[in-house]
Amino acid sequence: GDTLLRAKNRLGGDLVVSPMAEEAFTSVVRDELSSYRQLPLNLYHIQTKYRDEIRPRYGVMRGREFVMKDAYTFNASEESLDDSYQDMGRAYRKIFKRCGLSVISVKADSGAIGGDNSEEFMVESAVGDNTLILCPKCGYAANSEKASCVPDVPLAVDGTPQVATTLPLDVKDTPDVKTIAELTNFIWDGQSIPKTAAQSFIKTLIYRVVNCTFDFSNSGFSVGCNSENGKDTFVAVGIRGDLDVNEVKLTALLKAGEVELASPYDDERLTGAPVGFAGPVGLTTCPVIVDESVMLMHDVVTGALAKDKHYVHVEPLRDFTPFMVADVRQVAAGDKCPTCGAEFYSKKGNELGHIFKLGVKYSKSMNVSYLDEHGNRQIPLMGCYGIGVDRTLASVIEEHHDDAGIIWPMTVAPYHTIIVPIKYDGIVKTAADDLTAALEKAGVEVLLDDRNERPGVKFNDADLMGIPYRIVLSDKNLSLSPPQVEIKHRSEKENRLVELSKAAGELAGLVRKELEELNR
């Protein structure tokens, strides 16, 4: 799709710049793999990736160029693949913990990469571009792109559960009424339907499906095609009027590159009516897919495939039979958890890592095989795993900062401590140099600020950079008996005095303790 960053060489040949490396790694393994004894394989690299993002924003949170660690496993069985998948998941959780991050593991959509199972590692963020659907009771967690919920009983106009009608299908004139909001305010036979009756309408949307690999050969419909390229498939999607279609779920269902709402031209070409009057009854130009919510509805209203016309008293299965019933509903806070029935709540989050079970999507299409223990040729199963390195660092800063700047966790800090001489001269210089050497010998990473700047500038810069510990040396404190230095953790407000002779040992112990806590 359009996310691929494209280029042309001098001969006019089309090129793409790597967004991931499934094909490259699969190609390497195809040339090297011959026996089951070589499996499982776990290969990785850390490399710059490129994607032509439509809206790059928030610095390195979403950029067109970024550093990614991606790994690929090749396995002989489902059990072996699951072992690799679980091992990588545990490793990722430990990596993010070591970085001082509080991550949420959520079920996720595999997207264009493909595969059956996938899990994302999210961090809560006010500027997150993902919505997390979370259960407060059982711990269910999913990206809104993947989340499912308990289907709720649709309500009639009076707020009671809908019941089947024996009234025949009927057509009503609805002049200049195209949207659900307009329909709920429309006067039907002299009676106004209240706005809660949005649950009494089937909303039908026409979608263009790009690079669809779903088999519609037995659908019984004449699938419409885009007149420009003859490749794009169109489908009609029906859903309860108060709900929204989850286009990621629809894309995955149809095994497509992407889906988008059809143009007004294609919408009218396929439905025979202007946009807003589509409905599943009598639609034969494209497959009709309905959300599970539709099959619980009774005595409902739909577009009648004609301008200013709507059907009333519609009964699913009596008046239309969908090609497919599937979960294409956008789940939101307030919906019910499919595991325990509690109400969901939601948070915004950013994706830091993602693990997939790819199966044979790449190994089969790229002709990778090996001989098993019986001499039979087999196709290896693949897993794919990635961490956004830039985004992980940005998330660490977002979770660990204050108004003065960054507060780095010890494991990812550029230095463990910064030594700030008030004036880098005389006894202060000697003490600063000796303390730096002693800390380095103890394994502490030290930055010595030997600039000829005012103390306030040095302190502000140290806070901005976020180095965990700051040691301040001054003529005044070094003249005490015994000589003293000021030590302060970046998250603390007050300094404390420590004897110069004990400072290196005490600070080395503090650094080791914090590292051990994060590395558990």
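What you see is a predicted model; the values in this text were computed from it and never measured.

Caption draft 1: A look at the overall build of the chain. Of the regular secondary structure elements, the chain holds 11 helices and 29 strands. Taking 2.2 N^0.38 as the reference for a compact globule, 520 residues should give roughly 24 Å; the C-alpha atoms of the chain span a radius of gyration of 31 Å, well beyond that estimate. With respect to the principal axes defined by its C-alpha atoms, the chain has extents near 100 × 70 × 50 Å. Looking at the chain residue by residue over its 520 residues, the buried ones come to 45%. Across the chain, contacts joining residues at least 24 apart in sequence account for 70% of those joining residues at least 6 apart. Approximately 25800 Å² of the chain is accessible, and the part contributed by carbon and sulfur atoms is 51%. Charged side chains of the chain number 58 positive and 76 negative; the gap between the two group centres comes to 3 Å.

Caption draft 2: Quick look at the sheet that holds strand β13 (residues 233-240). If you walk across this open sheet you meet the 5 strands as β14-β12-β13-β15-β18, and the pairing is mixed. The two strands at the open ends of the sheet, each matched to only one other strand, are β14 (258-261) and β18 (324-326). Direction aside, the axes of adjacent strands within the sheet are offset by 35° on average. The sheet contact formed by β13 and strand β15 (residues 288-291) spans 3 bridges and is parallel. Paired with Val237 across the strands is Ile289, a residue of β15.

Caption draft 3: Spotlight on helix α9 (residues 455-465). The set of residues buried in α9 consists of Lys458, Ala462 and Asp463. Along the axis of α9, the buried residues cluster in a sector spanning 130°; they form a single face. Summarising the geometry of α9, the exposed residues directed more than 90 degrees from the buried face are Asn460 and Leu464. Residues of α9 that are buried in the fold lie against β24 (405-406), β25 (417-421), β27 (469-473) and β28 (484-489). Where α9 terminates, the next one or two residues include Gly466, which has phi positive at roughly 80°.

Caption draft 4: Inspection of the packing of aromatic side chains at higher detail. Counted under the stated rule, the structure contains 6 aromatic pairs. Seen in terms of ring centroids, Phe25 and Tyr72 are 4.7 Å apart; in terms of plane orientation they differ by 35°. Their pairing is tilted. Of this pair, Phe25 sits in helix α1 (residues 22-32) while Tyr72 is found in strand β4 (residues 65-75), placing the two residues 47 residues apart along the sequence. The class for Phe25 is buried, based on a relative accessible area of 12%. Seen from their ring centres, Phe96 and Phe121 are 6.0 Å apart, and the 40° between their planes marks the pair as tilted. A residue pair is termed long-range when its members are at least 10 positions apart, and Phe96 in helix α2 (residues 78-98) and Phe121 in strand β6 (residues 117-124) qualify at 25 residues.

Caption draft 5: Quick peek at the pattern of salt bridges. Applying the stated criterion across every chain, the model contains 27 salt bridges. Close ionic contact of Asp82 with Lys357 constitutes a salt bridge, the shortest N to O distance being 2.7 Å. Here Lys357 lies in strand β19 (residues 345-359) and Asp82 lies in helix α2, a separation of 275 residues in the sequence. A relative accessible area of 13% means that Lys357 is categorised as buried. Linking Arg208 and Asp232 is a salt bridge whose minimum nitrogen-to-oxygen distance equals 2.5 Å.

Caption draft 6: Molecular detail of the sheet that holds strand β9 (residues 170-173). On the basis of which strands lie adjacent, the open sheet formed by 3 strands has the order β9-β17-β16 and antiparallel pairing. On the outer flanks of this sheet lie β9 and β16 (300-303), each paired with one strand and no other. Here the average twist between neighbouring strands, direction ignored, is 35°. As defined by bridge partners, β9 adjoins strand β17 (residues 309-314) across 4 bridges and the pair is classed as antiparallel.

Caption draft 7: Region of the structure containing the nonpolar core. Ranked by size, the top nonpolar core spans 22 residues in total, and within it Ile419, Leu435, Leu439, Ile471, Leu473, Val485 and Ile487 carry the most contacts. If you list the elements that add at least two residues to this core, you get α8 (426-441), β27, β28 and α11 (500-519). A total of 6 residues in this core trace back to one element, the largest contributor, which is α11. With sequence-adjacent residues up to four places away left out, Leu439 is seen in contact with Thr417, Ile419, Val444, Val446, Ile471, Ala504 and Leu507.

Caption draft 8: Here's a closer look at the side chain of Lys49. Along the chain, the position of Lys49 falls in strand β3 (residues 41-50). Polar side-chain contacts of Lys49 include one of 3.3 Å to the side chain of His45. Within the local environment of Lys49, its side chain forms a polar contact with the side chain of Asp70, the two groups lying 2.9 Å apart. Contact partners of Lys49, with chain neighbours within four places excluded, come to Ser18, Pro19, Met20, Ala21, Arg64, Glu65, Phe66, Met68 and Asp70.

Caption draft 9: Local environment of unusual backbone geometry. In this structure, the amide linkage connecting Leu39 to the following residue, Pro40, adopts the cis form with an omega of 0°. Inspection of the secondary structure puts Pro40 in the loop between α1 and β3. Phi at Asp176 takes a positive value of approximately 60°, unusual for a residue other than glycine. Summarising the element assignment, Asp176 is placed in the loop between β9 and α3 (180-184). Classification of Asp176 by relative accessible area gives exposed; the value is 62%. Look at Asp308: it is not a glycine, yet its phi comes out positive at around 60°.

Caption draft 10: Main features of the environment of Phe356. Tracing the chain through its elements places Phe356 in strand β19. Sequence separation of Phe356 and Val511 is 155 residues, and the distance between their C-alpha atoms is 36 Å.

Caption draft 11: Looking closely at the confidence of the model for the chain. The pLDDT averaged across the chain works out to 90; a share of 93% of its residues lies at or above 70. Every residue in residues 224-228 scores below 50 in pLDDT, and together they form 14 contacts with partners more than four places removed in sequence or on other chains.

Caption draft 12: Seen up close, the environment of Leu515. Mapped onto the elements, Leu515 comes out in helix α11. For Leu515, a relative accessible area of 21% puts it in the partly exposed group. Remark: the alpha-carbon pair of Leu515 and Leu155, spanning 360 residues in sequence, is separated by 56 Å. Apart from the residues lying within four places of it in its own chain, the contact partners of Leu515 are Met410, Thr411 and His416.

Conventions we followed
Residues numbered from 1 in each chain as written. Predicted model: local features only at pLDDT ≥ 70, side-chain atom pairs only at ≥ 80, totals over all residues. Heavy atoms only, no water. Helix = DSSP H or I, 4+ residues; strand = E, 2+ residues; numbered from the N terminus. Rg over C-alpha atoms; globule rule 2.2 N^0.38 Å. Buried < 20%, exposed > 50% of the residue type's maximum accessible area, 1.4 Å probe, protein only. Contact = heavy atoms within 4.5 Å. Areas by Shrake-Rupley, 256 points an atom, 1.4 Å probe, with all protein chains shown as cover. Lys, Arg positive; Asp, Glu negative; His and termini not counted. Charge placed at Lys NZ, Arg CZ, Asp CG, Glu CD. Pairing = 2+ DSSP bridges. Axes fitted to C-alpha atoms, helices over the stretch in contact; angles between N-to-C directions. Arc of directions from axis to C-beta. Phe/Tyr/Trp six-rings, centres within 6.5 Å; stacked < 30°, edge-to-face > 60°. Salt bridge = Lys/Arg side-chain N within 4 Å of Asp/Glu carboxyl O. Core = buried A, V, L, I, M, F, W, Y, C linked by side-chain atoms within 4.5 Å. Polar contact = N/O pair within 3.5 Å; in protein donor to acceptor, adjacent residues only side chain to side chain. pLDDT = per-residue confidence, 0-100.

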